[in-house]
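These are the residues of each chain, in order.
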Amino acid sequence: MFSPRSLDDDLAAVRDRYAPESPVLDVDSDFETLPPAAAEDLGLFVDGLDPASYPAEWLPEAVPDLLRKHAGPAFTVGLPGDGTVVRTTQTDPPAVLVKRRAEGTPDDFLAFLVAERLVQIGREPGPGTVGGENSGGSDAPGLPESFLPFFGDRYRDLDAAIRRPDPETGASTTGFGPTDVFQVANALFDAWVGLRVRDAFASWEGEYPRLFDAWIDAGERLSGRLGDLSGEVARGETDFAAATEYACSAVKHDLDLPAPYGALDTTAYRDRGADYAVAWAEKTFAALVDDEE
C-alpha cells in the first residue's frame, strides 16, 4: 500500500528544513479517504499513530456522510478535494502521502506539491486562529489536517451562514446544501493555510529555483481565469462554491483576488483564522441572498 518515495536533492533539503522526520510515501491507490485497515499500515513507516476524532456537536444535522465518518472514531485519512499529495498529522511524525494519480503529474509541479505539504507540516497555526483547539478533538501540533479541526464548533456557524436552515424543518432556505458547505469550508481552509506558508515559497528563488519556478508557473496558470471569476458566477457559468474553491486556491500563489474574495487575502484572516472565515461567510452569503430577492 505504501512505499518510501525517493526525493531529489532540493526536495530532500526542503524536508530537512521544514519537516526533518516526516516520511514521504507513495500510495498505490487514488484514494479520497483511506479506510482504517489501510491507514493503520502507516504504522510501519512512523514511530506511532494518533487517530483523531472530533466532537459530534461540531457537526450540524445535515452533513455529507464522508465528513461524519471523518469526525468519528474510525482511523481514516483524507477527504475529497485534498488533491494529489496529502499530509496527515495522525502519525508521529506527520507524513506526506503521494497518490497514484501523481504518475501523470509533471515532475517539477509534483515536486512543488510535495514541498508544499512539507512546509505545512513545519508551520504552527498561531494563537486563537483554530476553532477546534479548545473544544475537543485532536491535539496534534502544527496546522490542522483538515477544515473540520480548523473550524471546530464554528463549523455549525458556517453551515448556518451558508444554508440558513429553516428552524422547523432544518432544510436550506438559500439553495445551498451540505455539500456546498463542505466545499466552501475546504476552500476557506485552503486559503488560510496558503496565507501561512506562501512566504516560504516566495523565498526559494535562489535556493530552490526549480520549486520556486513551479510555484510561479502554477500561479500563472490560475491567474488568467481569476479576473472574470465574478462574471462567471453572475452569468451562471460557475456556481459560487466552485468559484470560492478556485479563488482560494490562488491565495498560496499571492495573486490578486476579485471581490468578494480579496477580503480573504489579508493579514486579518491569517491572524484570526476560523472566526474571520465565518464572519466573511455570514456577510458574503447574506449579500448573495439579498441580491436574489
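Please read these numbers as outputs of a predicted model, since none were measured by experiment. (Residues numbered from 1 in each chain as written. Predicted model: local features only at pLDDT ≥ 70, side-chain atom pairs only at ≥ 80, totals over all residues. Heavy atoms only, no water.)

Q: Tell me about the sheet that holds strand β4 (residues 85–88), and name the residues and values.
A: Sheets are built from strands that pair by backbone hydrogen bonding, the pairs being arranged parallel or antiparallel. Taken together, the 4 strands give an open sheet; going across it, the order is β1-β2-β6-β4, and neighbouring strands pair in mixed fashion. The two strands at the open ends of the sheet, each matched to only one other strand, are β1 (2–4) and β4. Here the average twist between neighbouring strands, direction ignored, is 30 degrees. Judged from the 4 bridges that link them, β4 and strand β6 (residues 95–98) form a sheet pairing that is antiparallel. Note on β6: the bridge partner recorded for V86 is L97. (Pairing = 2+ DSSP bridges. Helix = DSSP H or I, 4+ residues; strand = E, 2+ residues; numbered from the N terminus. Axes fitted to C-alpha atoms, helices over the stretch in contact; angles between N-to-C directions.)

Q: I'd love a proper account of the environment of L226, names of residues and values included.
A: Within the secondary structure, L226 is located in helix α8 (residues 209–226). Looking at L226, the relative accessible area reads 2%, which means it is buried. In this structure, the C-alpha to C-alpha distance between L226 and S203, residues 23 residues apart in sequence, is 24 Å. Residue contacts for L226: discarding those within four places in its chain leaves Y246, A247, A250, L255, D256, L257 and P258. (Buried < 20%, exposed > 50% of the residue type's maximum accessible area, 1.4 Å probe, protein only. Contact = heavy atoms within 4.5 Å.)

Q: Talk me through the packing of helix α1 (residues 9–18) against helix α4 (residues 107–121); I want residue IDs and the actual numbers.
A: Direction vectors running N to C along α1 and α4 enclose 10 degrees, while the axes themselves pass 9 Å from each other. With respect to α4, the axis of α1 lies roughly parallel. Contacts between α1 and α4 pair L11, V14, R15 and Y18 from the former with A111, V114, A115, L118, V119 and I121 from the latter. (Parallel < 35°, antiparallel > 145°, perpendicular 65-115°, else oblique.)

Q: Please set out a negative patch on the surface residue by residue, giving values where relevant.
A: Negative charge collects at one region of the surface, where E21, D47, D50 and D92 lie side by side. As for its position among the elements, D47 is in the loop between α2 (36–40) and β3 (48–49). Of the residues examined, D47 reaches a relative accessible area of 73% and is grouped as exposed. (Patch = residues over 30% accessible without salt bridge, like charges linked within 9 Å, V, L, I, M, F, W, Y side chains within 5 Å. Areas by Shrake-Rupley, 256 points an atom, 1.4 Å probe, with all protein chains shown as cover. Salt bridge = Lys/Arg side-chain N within 4 Å of Asp/Glu carboxyl O. Lys, Arg positive; Asp, Glu negative; His and termini not counted. Charge placed at Lys NZ, Arg CZ, Asp CG, Glu CD.)

Function-wise, these values are silent; they only describe arrangement.
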